[in-house]
Amino acid sequence: MQRNATTQFPILLVHGLFGFDRVGGFELFHGIKQALRAAGARVFIPYLSATHSNEARGEQLLAQIERILSGTGAERVNLIGHSQGALAARYAGAIAPDRVASVTSVSGPNHGSELIDFLYKALTPGRLPEHVAHKVATLFADFISLLSGQAQLPHAAIAALAALTTEGVGAFNDKYPQGLPKNWGGNGAHRVNGVRYYSWSGTLQDTQNGAFNAMDPLPAFCQAFSEYFITEAGQNDGLVGRFSSHLGKVIRSDYPLDHMDIINQTTGRSRTGTDPVELYVRHAERLRKAGL
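Report on the accompanying structure. Please read all numbers here as calculations on a predicted model, not as lab measurements. (Residues numbered from 1 in each chain as written. Predicted model: local features only at pLDDT ≥ 70, side-chain atom pairs only at ≥ 80, totals over all residues. Heavy atoms only, no water.)

Describing the pattern of salt bridges
Two side chains bearing opposite charge may form a pair once their charged atoms approach each other closely.
Turning to step 1, where the next piece is worked out: Enumeration according to the criterion identifies 7 salt bridges in this entry.
Turning to step 2, where the next piece is worked out: Three or more residues joined by partner-sharing salt bridges are found here, namely R3, E278, R282 and E285. (Salt bridge = Lys/Arg side-chain N within 4 Å of Asp/Glu carboxyl O.)

Focus: the packing of helix α3 (residues 84-95) against helix α7 (residues 166-175)
Turning to step 1, where the next piece is worked out: In contact at an axis separation of 11 Å, α3 and α7 are set at 20 degrees when each is read in the N-to-C sense. Regarding the angle of α3 to α7, the classification is roughly parallel. As for how α3 packs across α7, the hand of that crossing is left-handed. Each of L87, R90 and Y91 in α3 lies in contact with α7, whose residues at this interface are V169, F172 and N173.
Turning to step 2, where the next piece is worked out: Of the residues contributing to the contact of α3 with α7, the split by class is 4 nonpolar, 1 polar and 1 charged. (Axes fitted to C-alpha atoms, helices over the stretch in contact; angles between N-to-C directions. Helix = DSSP H or I, 4+ residues; strand = E, 2+ residues; numbered from the N terminus. Parallel < 35°, antiparallel > 145°, perpendicular 65-115°, else oblique. Left-handed = near helix turned anticlockwise from the far one by under 90°. Contact = heavy atoms within 4.5 Å. Nonpolar A, V, L, I, M, F, W, Y, C, P; charged D, E, K, R; others polar.)

Some remarks on the packing of helix α2 (residues 54-72) against α3
Turning to step 1, where the next piece is worked out: One way to put it is that α2 packs onto α3 with a least axis distance of 8 Å and a crossing angle of 65 degrees. The interaxial crossing formed by α2 with α3 has right-handed handedness. From α2, N54, E55, R57, G58, E59, L61, L62 and I65 reach across to α3, where they touch Q84, G85, L87, A88, A89, Y91, A92 and I95.
Turning to step 2, where the next piece is worked out: Grouping the constituent residues of the contact of α2 with α3 by class yields 9 nonpolar, 4 polar and 3 charged.

Re the side chain of N54
Turning to step 1, where the next piece is worked out: Positionally, N54 belongs in helix α2.
Turning to step 2, where the next piece is worked out: Its relative accessible area of 2% is what places N54 among the buried residues.
Turning to step 3, where the next piece is worked out: For N54, the side chain forms a polar contact with the main-chain oxygen of A163, separated by 3.2 Å.
Turning to step 4, where the next piece is worked out: The contacts of N54, once residues within four sequence positions are left out, are Q84, L87, A88, A163, L164 and F172. (Buried < 20%, exposed > 50% of the residue type's maximum accessible area, 1.4 Å probe, protein only. Polar contact = N/O pair within 3.5 Å; in protein donor to acceptor, adjacent residues only side chain to side chain.)

As for the pairing of strand β8 (residues 195-202)
Turning to step 1, where the next piece is worked out: Summarising burial for β8: 8 of the 8 residues are buried, a large majority.
Turning to step 2, where the next piece is worked out: Neither face of β8 is exposed, since V195, Y197, S199 and S201 on one face and R196, Y198, W200 and G202 on the opposite face are all buried.
Turning to step 3, where the next piece is worked out: Two elements, strand β7 (residues 191-192) and β8, share 2 bridges in a ladder whose sense is antiparallel. If you follow R191 over to β8, its bridge partner there is R196.
Turning to step 4, where the next piece is worked out: The hairpin turn running from β7 into β8, its antiparallel successor, is 2 residues long, and N193 in that turn takes a positive phi close to 55 degrees. (Pairing = 2+ DSSP bridges.)

Let's talk about α7
Turning to step 1, where the next piece is worked out: When we look at burial in α7, the residues that qualify are G168, V169, F172 and N173. Buried residues of α7, viewed axially, fall in a sector of 135 degrees; they line one side. Away from its buried face, by an angle of more than 90 degrees, α7 presents the exposed residues E167 and D174. (Arc of directions from axis to C-beta.)

What about α3?
Turning to step 1, where the next piece is worked out: The end-to-end C-alpha distance of α3, which contains 12 residues, comes to 17 Å, matching closely the 16 Å that a straight helix rising 1.5 Å per residue would cover.
Turning to step 2, where the next piece is worked out: In the core, the buried residues of α3 are packed alongside β1 (11-14), α2, β5 (77-82), β6 (100-106), α7 and β8. (Expected span 1.5 Å × (residues − 1).)

A short note on the packing of aromatic side chains
Turning to step 1, where the next piece is worked out: Within this structure, the stated rule accounts for 4 aromatic pairs.
Turning to step 2, where the next piece is worked out: With a centroid separation of 6.4 Å and an interplanar angle of 70 degrees, the aromatic rings of W184 and F243 are classed as edge-to-face. With W184 in the loop between α7 and β7 and F243 in the loop between α8 (218-225) and β9 (249-255), this pair connects stretches of sequence that are 59 residues apart.
Turning to step 3, where the next piece is worked out: For F243, a relative accessible area of 24% translates into the label partly exposed.
Turning to step 4, where the next piece is worked out: Through a chain of ring-to-ring contacts, the aromatic side chains of Y91, F172 and Y176 assemble into a single cluster. (Phe/Tyr/Trp six-rings, centres within 6.5 Å; stacked < 30°, edge-to-face > 60°.)

Focus on the nonpolar core
Turning to step 1, where the next piece is worked out: Core analysis: the largest hydrophobic core is formed by 35 residues, its most contacted members being L61, I65, L79 and V100.
Turning to step 2, where the next piece is worked out: With 6 residues, the top contributor of residues to this core is α3.
Turning to step 3, where the next piece is worked out: Residues in contact with L61, not counting those within four places in the same chain, are L12, V14, P46, L48, L79, A88, A89 and A92.
Turning to step 4, where the next piece is worked out: Core analysis: the second largest hydrophobic core is formed by 34 residues, V106, L218, F225 and F229 among them. (Core = buried A, V, L, I, M, F, W, Y, C linked by side-chain atoms within 4.5 Å.)

Looking at the environment of I116
Turning to step 1, where the next piece is worked out: With respect to the helices and strands, I116 occurs in helix α4 (residues 114-122).
Turning to step 2, where the next piece is worked out: The sequence separation of I116 and T166 amounts to 50 residues, and the corresponding C-alpha distance is 8.1 Å.

Comments concerning the environment of A171
Turning to step 1, where the next piece is worked out: Structurally, the position occupied by A171 is in helix α7.
Turning to step 2, where the next piece is worked out: Between the C-alpha atom of A171 and that of H111, which follows or precedes it by 60 residues, the distance is 9.9 Å.

Some points on the pairing of β5
Turning to step 1, where the next piece is worked out: Of all 6 residues in β5, 6 are buried, a share of seventy percent or more.
Turning to step 2, where the next piece is worked out: A two-sided burial pattern is seen for β5, the buried positions comprising V77, L79 and G81 on one face and N78, I80 and H82 on the other.
Turning to step 3, where the next piece is worked out: Pairing between β1 and β5: 4 bridges, direction parallel. The residue of β5 that forms the bridge with L12 is L79.
Turning to step 4, where the next piece is worked out: Relative to β6, β5 runs parallel, the two sharing 6 bridges. Each bridged residue has a counterpart across the sheet, and for G81 the counterpart in β6 is S105.
Turning to step 5, where the next piece is worked out: With respect to chirality, the unit in which β5 leads through α3 into the neighbouring parallel β6 is right-handed. (Right-handed = clockwise from strand over helix to strand, strands pointing away.)

Right, dumping it as C-alpha cells:
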C-alpha cells in the first residue's frame, strides 16, 4: 500500500534525556526517520543537550527550529518529542506558537515520573536507606552506560533529573500548561494558540519479564524500573506512568511497548503486535490530513 505522509510542515523528532545520535548500536529513532521519509515527509532530528533543564533544552530546540525553517523555507514545524523531548517540544510550542504547527508527546513525562522521584531521592544523600539508594542508583547508572557508553552517571544529570520529578514538572506545567488534561487520565485541549497537541505511549505487558537478555537488555531495565511506581503500578512503560504521558488528543496510552521499544529500540528479539515505526508513519498521515 502506498503511504502518503507528505505533511505541509517538516517533522522534527526530538530526543529525550541522555538522547544521543546512536543508542545501543542503533540510531536513536531506529528506522523511523527513514520510514517517514519514504512516505514523503521531510524529517530532521535536532540534537539537544543530553542532560539539561526542560527550558534550556527548549531554547536549544527553538534555535534549531529557526535554522530548519530558514533552510527549508517552511513557515512552521511539527514536533514529535520522546520522553523529555516532549517537554522541550511543549516549551517551543508555548513560546513560539507561530513557529510550531503541532506538538506530539511520545511517552512524555508530562506530569513527572515516579521513577525519577525515587531516583532523585536515591542520588540525594540521606533521603533513602543506603542499600536501597545504592540499588536504584546503580541500576540507573548501568542503564545510562548502556545507552551512552558512559560508565558513570554524569554529574549534570542530577540537576536534569530534578526537572523531571513530579515537583519539577509541576513547576514547568504552571508556566506552560498548553495541552494538559484538566482531569487525571483524560484528554487535554487539542488546539491551543493555533498549535495542535497529541500524545501516545505504552505500558509494560504481563508477557514481559525481567529476565536479562544480553542481546536485548533494555526490556529488563524497564521491567526493573517499573517496580518503583506506586500510583501507576502496572500502568507504566518502565520510565513514565501511563496517565502522566497524556497530552492534548490522546491517541492511545497503552500500546504494548516499553519506554525504549516505542522508539524502535529492540534487538535480539522478534516483535509481534504493534509496530512502533508504523505509529509514526500513521501519525504523519494524520498530520497531513489535518493540513499540518
